[in-house]
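# An overview of the molecular structure
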Amino acid sequence: MIDLKGKVAVVFGLANKRSIAYSVAQKLAEAGATLVLSYQSDRLQREAEDLLEDLGQTGVGRTFRCDVSRDEEIDEVFAQISAAFPRIDILIHSVAYAPADALKNDFLLTSREDFRIAHDISVYSLIALTRAAAPLMSEGGSVLTLTYYGGEKVFPNYNVMGVAKAALESAVRYLAASLGGKNIRVNAVSAGPIRTLAARGIGDFNQILDAVLARAPLHRNVEQIEVGNTALFLCSPLASGITGEITFVDCGFNITGV
Ligand code: NAD
Ligand code: 0WE
């Protein structure tokens, strides 16, 4: 049994119950961790409070606002966290965004601004949040981000997000090297396709799910909770020797050739 009693986990990217971050938070809470949930904007505050309650954390955990594209909000949220908790142990980064047209148009037409936004929100935020979290990880810690196979192979329409995921996975390795001396581990889970808010409106999402059914060794799609279980493992002492690693939770899809 994984025991995270007394550990504090800070989670970015929990928008609703379908979010991958929800399952990660659920598993961390079940293992005894105290949760800090960060929401993107004031509009989402009420929802974040409700999610904290659903996770059984009312009166234990906290919620704070942070738009990860704003340095001052990152400074502010970690000041609030350090005032509320003596230490943190786990950072979950489950955030990605590219402007909708960049996921629709021909990749060749990717604009400078859409490239910048995708990399700012989906990659730089991991570096900025990890830098802000590290001083609070006084007993070592674990940082985990979420990536997708589209960072390695071409998927229709994933476009600039694929380029951003390649950069994110490289950032995981460079951050792991930077923070290893402080006993802070940095890893990623590469999840198979899952119907979340971030998958809504993506044209051929069904086709992508069907390709997994047909080709993946397990002949099914992955569930949020399976990502949560692997995230829990990677954030726990059971994974004390693992850092800089990308772990696939994709029913084996990535190993297949045809
Ligand atoms: P989601 O929409 O539930 O989560 C995305 C989160 O990013 C939301 O909570 C949103 O509020 C947050 N976000 C976006 N811009 C932000 C900003 N400026 N400041 C703060 N937060 C911001 O969708 P999800 O599928 O759970 O995505 C979470 C992560 O998982 C992403 O990194 C995504 O790339 C990755 N992922 C998703 C899938 C999938 O198929 N759903 C597969 C592999 C990896
Ligand atoms: O990382 C993602 C999606 C991230 C995402 C989603 C959106 C939709 C709404 C980033 N930015 C936006 N911007 C929006 O305006 N995934 C891994 C899910 C996903 O997205 C795809 C996929 C898969 C899988 C897009 C095309 C093909 C496959």
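Going by the structure above, here's the rest.
Attention here is on the structure that accompanies the text.

Each value, and the rule that gives it
Residues numbered from 1 in each chain as written. Chains lettered and ligands numbered in written order. Predicted model: local features only at pLDDT ≥ 70, side-chain atom pairs only at ≥ 80, totals over all residues. Heavy atoms only, no water. Axes fitted to C-alpha atoms, helices over the stretch in contact; angles between N-to-C directions. Helix = DSSP H or I, 4+ residues; strand = E, 2+ residues; numbered from the N terminus. Left-handed = near helix turned anticlockwise from the far one by under 90°. Contact = heavy atoms within 4.5 Å. Nonpolar A, V, L, I, M, F, W, Y, C, P; charged D, E, K, R; others polar. Phe/Tyr/Trp six-rings, centres within 6.5 Å; stacked < 30°, edge-to-face > 60°. Buried < 20%, exposed > 50% of the residue type's maximum accessible area, 1.4 Å probe, protein only. Near = heavy atom within 4 Å. Polar contact = N/O pair within 3.5 Å; in protein donor to acceptor, adjacent residues only side chain to side chain. Pairing = 2+ DSSP bridges. Right-handed = clockwise from strand over helix to strand, strands pointing away.

A packed helix pair is summarised by two numbers, namely the angle formed by the two axes and the spacing between the axes. With their axes 10 Å apart at the nearest point, helix 3 (residues 71-84) and helix 4 (residues 112-133) run at an angle of 35 degrees to one another. Classified by chirality, the crossing of helix 4 by helix 3 is right-handed. Where helix 3 approaches helix 4, its residues D71, I74 and F78 are matched on the opposing element by Y124, A128, L129, A132 and A133. Taken together, the residues of the contact of helix 3 with helix 4 sort by class into 7 nonpolar, no polar and 1 charged.

In this section: the packing of aromatic side chains. Inspection of the entire model under this criterion finds 6 aromatic pairs. A ring pair is formed by Y148 and Y158, whose centres lie 5.0 Å apart and whose planes are at 70 degrees; its orientation type is edge-to-face. In this pair, Y148 sits in the loop between strand 5 (141-147) and helix 5 (159-179) while Y158 sits in the loop between strand 5 and helix 5, placing the two residues 10 residues apart along the sequence. Across the pair, exposure class does not vary: Y148 and Y158 are buried alike. Members of the aromatic cluster, each reached through a chain of ring pairs, are Y148, Y149, F155, Y158, F248 and F253.

What surrounds ligand 2 is the set Y97, A98, A100, L103, Y148, P156, N157, Y158, A198, I202, F205 and I208. A distance of 2.7 Å separates a nitrogen atom of ligand 2 from a polar atom in the backbone of A98. Between ligand 2 and Y158, the relevant distance is 2.8 Å, taken from an oxygen atom to a side-chain nitrogen or oxygen of the residue. Counted by class, the shell around ligand 2 contains 11 nonpolar, 1 polar and no charged residues.

In this section: the pairing of strand 3 (residues 62-65). Bridging between strand 2 (residues 34-39) and strand 3 involves 4 bridges; their strand directions are parallel. Looking at strand 3, one finds that S38 is bridged to F64. With respect to chirality, the unit in which strand 2 leads through helix 2 (residues 45-54) into the neighbouring parallel strand 3 is right-handed.

Before going further, it helps to examine unusual backbone geometry. Unlike most non-glycine residues, N183 shows phi in positive territory, near 55 degrees. By the secondary structure assignment, N183 is in the loop between helix 5 and strand 6 (184-191). Backbone geometry at C251 places phi at a positive 60 degrees, although glycine is not the residue there. Within the secondary structure layout, C251 lies in the segment after strand 7 (246-249).

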